[in-house]
Amino acid sequence: MSNLSKDLVFLVLKFLDEEGYKETAHSLERESGLYFDMNYFEEVVLGGKWDEAERYLSGFTKLDDNKYSTKIYFEIRKQHYFEALDKKCRTEALDVLLNDLQVFAKGDEELFKEITQLMTFDDIREHESLSTYRDTKSARKFMMKEIRRIIEANPIFGGRLEFPSVKGERLRRLINQSLNWQHMNCKDPHPNPSIDTLFIDHVCGPRGHILHSKSIKHNVKPCLTTSYQFPTCSVNSSPSTITQSPSCTGAVPLNATKNPATKVINDSDVLSNRMPFGTVDEVTSPISDPGQSQISELAISINCPSTVVRTLNEGSSPVSMDFHPVWLTVLLVGTCAGEIGLWDVSCSGKMVARNFSVWDLGACSMALKAALEKDSHVSVNRVLWSPDGFLFGVAYSKHIVQLFSYIGGDKLHQILEIDAHLGGVNDLAFSSPDGELLVITCGDDKTIKVWDVVSGNRYFTFEGHDAPVYSVCPHTKENIHFIFSTSVDGKIKVWLYDNLGERVDYDAPGLGCTKMVYSVDDQRLFSCGTSKGGESFFVEWDDNDGSFKRVYQGLGTNPLSAVQFDTSRKQLLVAGDDHMVKFWHMDNTRLLKTIDADGGLPANPHIRFNTDDTLLAVSSSGNQIKILANDNGLDFLHGCGNDSIDASGVESETSQKNGDPRNVAEVNSKSTGEASNRGKAWETIERPSQCQSLQLCADVKKNKISKLIYTNAGDAILALASNAIHLLWKWPKIDLNSCGTATTKVQPLLWQPSSGLQLMSNDLSSTNPEEAVPCFALSKNDSYLMSASGGMVSLFNVISFKTMRKVMASSPAATCLAFDPRDNNVVAIGMDDSTIMIYNARSDKVTSTLEGHTKRVTCLAFSTSMKALVSSGADAQIFVWNADEWKIQRSKTLQIPDGNKVRALSDSDTYVQFHKDQLHFLVVHKTHLATYEVNELGCVNKWVSDSSVPISHATFSCDSQTVYASFVDGTIGIFDASVLVLRCQIKPSAYLPADISYAVYPLVIAAHPQKPTQFAVGLSNGEVHVLEPLEPQRTWGILPMVKRNLENSVPAESEFWGLLV
């Protein structure tokens, strides 16, 4: 096949893909053998369509072409065989064995015999090599990963895995060019010719014999601006007509079509099935907006924050602002002088101010040093909170990005400084594509970069823009993670988290500085940009095909600066334009409301909504920021103005000054509920009807539950009872629970292997079960369990329940265990004699012994990114160890609150758990809860139990936004993790039967690994209960309202006192 013929096939494939003829496209791929669509092949394999997978594969390679091809066919047929056996479909399995797998017997007869023997097993997992086989979905994913690797190594597929770089609608454009050429050569070209067919060349007939066609205004949808020119002669999908401008004379320019140059995307269904961004002639008319007449503009406008309630005086002009995602009145500000400030807008108080400085000049590039030496002035370009509010980033006008940690008080903690770009850093954004927090930056050097927020390692550098990059917008759709970037010349590109280059390249309206933002619910995409001539464009996109859904009206002209805008949860859009604040409803292109905020606004003021849209920050002249509020915002700020005790549970300034140690809960418990009293600051759940709970059934003799954990997959719960027996409950995949995840709506099954093995049990020789300290740790793939109950440490296969080995002598006993996340074969084992053993399961040796604690080690936690191990002990000490050299980095002794009623009790187990950001960790002591930062072991927040009821256990939720704590009176406390303030209190009567003994209480608590609102408790009577809110989308309790005062700000170590009543 000639090169031109191949190109034509690729153009046809591109056309079929754009038009949605997927099956036809894949048939052409197979028949031509020119392009192997890996994503389609993976979709077929993961869907278990084995015949279709082999049929598609056969268009490119046969089974016996080479060893790579043989391996591919073998893996597919082997998986089909395994699944048939796992489903107990013996007939299907035998058919696969004889008709599909027997062909491989010649190459490896022993392997074929071993595969045949599987027919005799009741469960294929009984075979040693398949003991870790979990489920069909996981097995297919693992197999596909291996097949992908083989295909990429197979020389037969060389040059067939990458689709050529083809601009969007290239075939249609070639046809348009041909029609233009034909029309140019007509003897009597008509102004508005009609094309009825492509089967013959176009020729304009005599003028006297044609009917005048409709005006161009009726044939082409309205354009955005006069700068967009539609093709003078073109073929559209409907109607199929040529449109010619009345002003066109002579030759028609071939480049008149302003179709975006879109590259093909092979990486996802979201971005590959259609051209991601459509042509300009698909723009929806801004005049015809269906349903807009039904919108009650009066009701909508009431939600607009329009009353100026606060004026903040900055030292220099504000250029970027962002409200805290949790604390509704905390505003982060960056200025043109390089200063960052944190304001509490409820009291107009500035809590923190920090001028620009380079933290480590010696580590900076020579380019940065030269730039600072030439001109030391640095301004802030962007400030932004991370989604959980624990971090914020600052992008500066010279090279630098700085990340700070802030969890309250008047101090900032320096986390990371990155010499990110040559020139200015124009924007930054946070993203978590694989659950790991990343920061994305863009700059004057025309690049976009992706960084790890903990180590500062650069993961990706995206190059392709021809001008400085103005903004970035990361997004996730259908589990596909991608990044929009816009440059100052109006180019928009889309990138995936890989090194394969841009996936989309097209023009923004106006070809100027444009910012793209998704709505708060991540469902709608908006952009606002300003051209070099000062004309602004505010549009909503259809992110499926790249067309415009709406073009919002009402923006003025200002060539000096770009329009700033924001979105709200209540379907509002707001922009700072023409010395005004302008509002739109998302579904209405007409301007809804305009306010001047009492005057004094710059031409394009910076604006920012707070999280619940009750407050709006607007930059003003004279280095000021005006805070606008709606009615709800006014009520909220009025509630914050009470100086007695706020709803967060923080001690009031008045009580601090008077030396009164009473806390909010204590005061409110004495309230009779009058309207003048603000009542408890948390929700109390006392009845079963107020939450969802499920007791897990187990017809097994057991004592109290000593340890409890969810599997990492979230489909099972594993418990260790004090009698050394392990209980594993798995949720079945049924109609009510198709995903098979843990839920309170379906009773799980107590898992027992079909091999007839007994439940996993620990060694109890030479041990008194009542005195033993049970412990266990589960590997990250849920396949292996290390466990001990005072005797030897056992290593179990969780799939088969087999005891793989027993290690360590029974004395001293193991008291806590933790797998190293970097290597499942490395386990840290805390001992009763205060030491920590580092055990390598592969070599069956103790490689290091760590000494530092003075009493038994009670808990161990690895950081997944900081190469650190944190240990806690009964001596109330915290140690941080270097996980490479196993040396002490730092240590701290917990401060037990004076006068605490439970302090006189015996030594207490202390537990530690890392926050999701890996920069902080939770400390649990029977007297208090606390969060510490790992770098300096500084206490950030603390909640102190002001009662005689000790804390039995506590854990972070999977998103680290909540702390679940259990108490020995049966109460469960649910805390806001950012400030350790009580949000919800669950009484025992809500989840325990009425006839149960009052002595029963939760000993351990575990959080679901994917559902932030689900947790489980293990009780002192051997029961396990799972709890969820009534509605899956609802959070537990009341969001705390944070209040601080400038003169008496809460110190960096914020200590809250609480009484569970």
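Residues numbered from 1 in each chain as written. Predicted model: local features only at pLDDT ≥ 70, side-chain atom pairs only at ≥ 80, totals over all residues. Heavy atoms only, no water.

The next point concerns the side chain of Glu 54. Structurally, Glu 54 is set in helix H4 (residues 50-58). The residues contacting Glu 54, other than those within four sequence positions of it, are Tyr 73, Ile 76 and Arg 77. (Helix = DSSP H or I, 4+ residues; strand = E, 2+ residues; numbered from the N terminus. Contact = heavy atoms within 4.5 Å.)

Turning next to the packing of aromatic side chains. For the structure shown, the criterion picks out 37 aromatic pairs. Judged by centre distance (4.4 Å) and plane angle (75°), the ring pair of Trp 541 and Phe 548 falls under edge-to-face. For Phe 548, a relative accessible area of 7% gives the class buried. In textbook terms, an aromatic cluster arises when at least three aromatic residues are bridged by ring pairs, as seen for Phe 36, Tyr 40, Phe 41, Tyr 56, Phe 60 and Phe 157. (Phe/Tyr/Trp six-rings, centres within 6.5 Å; stacked < 30°, edge-to-face > 60°. Buried < 20%, exposed > 50% of the residue type's maximum accessible area, 1.4 Å probe, protein only.)

The next subject is the environment of Ile 76. Turning to its location among the elements, Ile 76 is positioned in helix H5 (residues 67-86). Residue Ile 76 is classed as buried on the basis of its relative accessible area of 1%. Beyond its immediate chain neighbours, meaning those up to four positions away, Ile 76 contacts Phe 41, Trp 50, Glu 54, Leu 57, Met 143 and Ile 147.

UniProt's feature table lists "repeat: WD" (unreviewed entry) at residues 418-461, 557-594 and 850-891, given in the numbering used throughout. For residues 557-594, helix accounts for 0% and strand for 47%, while the C-alpha atoms at its two ends are 16 Å apart. (UniProt positions renumbered as here; feature names shortened; annotations may be inferred.)

Once that is clear, we can look at the sheet that holds strand E12 (residues 447-452). Ordered in space as E10-E11-E12-E13, the four strands form an open sheet in which the pairing is antiparallel. The open sheet terminates on both sides in strands that have one partner only, identified here as strand E10 (425-431) and strand E13 (458-463). The mean angle between the axes of side-by-side strands here comes to 15°, regardless of whether they run parallel or antiparallel. (Pairing = 2+ DSSP bridges. Axes fitted to C-alpha atoms, helices over the stretch in contact; angles between N-to-C directions.)

The next subject is the environment of Thr 962. Secondary-structure assignment places Thr 962 in strand E52 (residues 962-967). Distance from Thr 962 to Ile 974, taken between C-alpha atoms, is 6.8 Å for residues twelve residues apart in sequence. Beyond its immediate chain neighbours, meaning those up to four positions away, Thr 962 contacts Thr 955, Phe 956, Ser 957, Ile 974, Phe 975 and Ala 977.

What follows covers the confidence of the model for the protein. The pLDDT averaged across the protein works out to 81; a share of 82% of its residues lies at or above 70. Predicted confidence for residues 208-295 stays below pLDDT 50, and this span has 190 contacts to residues more than four positions away or in other chains. (pLDDT = per-residue confidence, 0-100.)

In this section: the pattern of salt bridges. Tallied over the entire structure, the rule returns 34 salt bridges. With a closest N to O distance of 3.4 Å, Asp 427 and Lys 515 form a salt bridge. Placement of the pair is Asp 427 in strand E10 and Lys 515 in strand E18 (residues 513-518), with a sequence separation of 88 residues. For Asp 427, a relative accessible area of 1% corresponds to the buried category. A network of salt bridges, in which partner residues are shared, links Arg 524, Glu 540, Arg 550 and Asp 587. (Salt bridge = Lys/Arg side-chain N within 4 Å of Asp/Glu carboxyl O.)

Attention now goes to the pairing of strand E8 (residues 400-405). Within E8, six of the six residues are buried, which leaves it mostly tucked inside the rest of the structure. Burial of the side chains of E8 extends over both faces: Ile 400, Gln 402 and Phe 404 are buried on one face and Val 401, Leu 403 and Ser 405 on the other. Pairing of strand E7 (residues 391-396) with E8, which is carried by five bridges, proceeds in the antiparallel orientation. Across the sheet, the residue bridging to Val 394 is Gln 402, located in E8. Taking the residues that link successive antiparallel strands as the turn, the E7-E8 hairpin has three residues, and the phi of His 399 there is positive, at about 65°.

Our next topic: the environment of Asp 95. Topologically, Asp 95 is positioned in helix H6 (residues 90-101). Here Asp 95 falls in the partly exposed class, since its relative accessible area comes to 41%. Sequence separation of Asp 95 and Tyr 81 is 14 residues, and the distance between their C-alpha atoms is 8.9 Å.

Three or more residues of helix H2 (residues 22-32) are buried, namely Ala 25, His 26, Glu 29 and Arg 30. Down the axis, H2 shows its buried residues gathered within 135° of arc, on one side only. Along H2, exposed side chains directed more than 90 degrees from the buried face belong to Glu 23 and Glu 31. Those residues of H2 hidden inside the fold are in contact with helix H1 (3-19), helix H3 (38-46) and H4. (Arc of directions from axis to C-beta.)

What follows is about the packing of H1 against H2. Where H1 meets H2, the axes come as close as 8 Å, and the angle between the chain directions of the two elements is 160°. Classified by the angle their axes make, H1 and H2 are roughly antiparallel. In terms of crossing hand, the pair formed by H1 and H2 is left-handed. Counting all contacts with H1, which are made through Val 9, Val 12, Leu 13, Leu 16 and Asp 17, the residues of H2 involved are Lys 22, Thr 24, Ala 25, Leu 28, Glu 29 and Ser 32. (Parallel < 35°, antiparallel > 145°, perpendicular 65-115°, else oblique. Left-handed = near helix turned anticlockwise from the far one by under 90°.)

What follows deals with the pairing of strand E30 (residues 692-695). What you see with E30 is a clean split: Gln 692 and Leu 694 sit on the buried side and Ser 693 and Gln 695 on the side with no burial. Two elements, E30 and strand E57 (residues 1024-1028), share four bridges in a ladder whose sense is antiparallel. Along E57, the bridge assignment pairs Ser 693 with Leu 1027.

This paragraph deals with the nonpolar core. Ranked by internal contacts, the top residues of the largest apolar core, which has 38 residues, are Phe 36, Phe 41, Tyr 81 and Leu 101. Sort the elements by how many residues they give to this core and H5 lands first, with eight residues. The residues contacting Tyr 81, other than those within four sequence positions of it, are Ala 93, Val 96, Leu 97, Leu 101, Ile 115, Thr 116, Leu 118 and Met 119. Judged by nonpolar contacts, the second largest core, of 34 residues, contains Leu 894, Val 934, Ala 954 and Ala 965. (Core = buried A, V, L, I, M, F, W, Y, C linked by side-chain atoms within 4.5 Å.)

Turning next to the sheet that holds strand E19 (residues 525-530). Read from one edge to the other, the open sheet built from four strands follows the order E18-E19-E20-E21, with strand pairing classed as antiparallel. Here the strands that pair on one side only, and so sit at the sheet edges, are E18 and strand E21 (548-552). The average angle at which neighbouring strand axes cross in this sheet is 20°, direction not considered. Sheet analysis places strand E20 (residues 536-541) next to E21, joined by four bridges and oriented antiparallel. In the sheet register, Glu 540 faces E21, and the bridge partner there is Arg 550.

So, about helix H9 (residues 170-184). Taking 1.5 Å per residue as the helical rise, H9 with its 15 residues ought to reach 21 Å, and the 21 Å between its terminal C-alpha atoms agrees with that figure. When we look at burial in H9, the residues that qualify are Arg 172, Arg 173, Asn 176, Leu 179, Asn 180, Gln 182 and His 183. Against H1 lie the buried residues of H9. (Expected span 1.5 Å × (residues − 1).)

On the surface, a cluster of negative charge is made up of Asp 108, Glu 109, Glu 110 and Glu 114. Along the chain, Glu 114 turns up in helix H7 (residues 109-117). On the accessibility criterion, Glu 114 (36% relative accessible area) is partly exposed. (Patch = residues over 30% accessible without salt bridge, like charges linked within 9 Å, V, L, I, M, F, W, Y side chains within 5 Å. Areas by Shrake-Rupley, 256 points an atom, 1.4 Å probe, with all protein chains shown as cover. Lys, Arg positive; Asp, Glu negative; His and termini not counted. Charge placed at Lys NZ, Arg CZ, Asp CG, Glu CD.)

Close contact between H3 and H4 brings their axes to 8 Å; oriented N to C, the two are set at 155°. Taken together, H3 and H4 sit at an angle that is classed as roughly antiparallel. Of the two elements, H3 crosses H4, and the hand of that crossing is left-handed. Judged by residue contacts, Tyr 40, Phe 41, Val 44 and Val 45 of H3 engage Trp 50, Glu 52, Ala 53, Tyr 56 and Leu 57 from H4.

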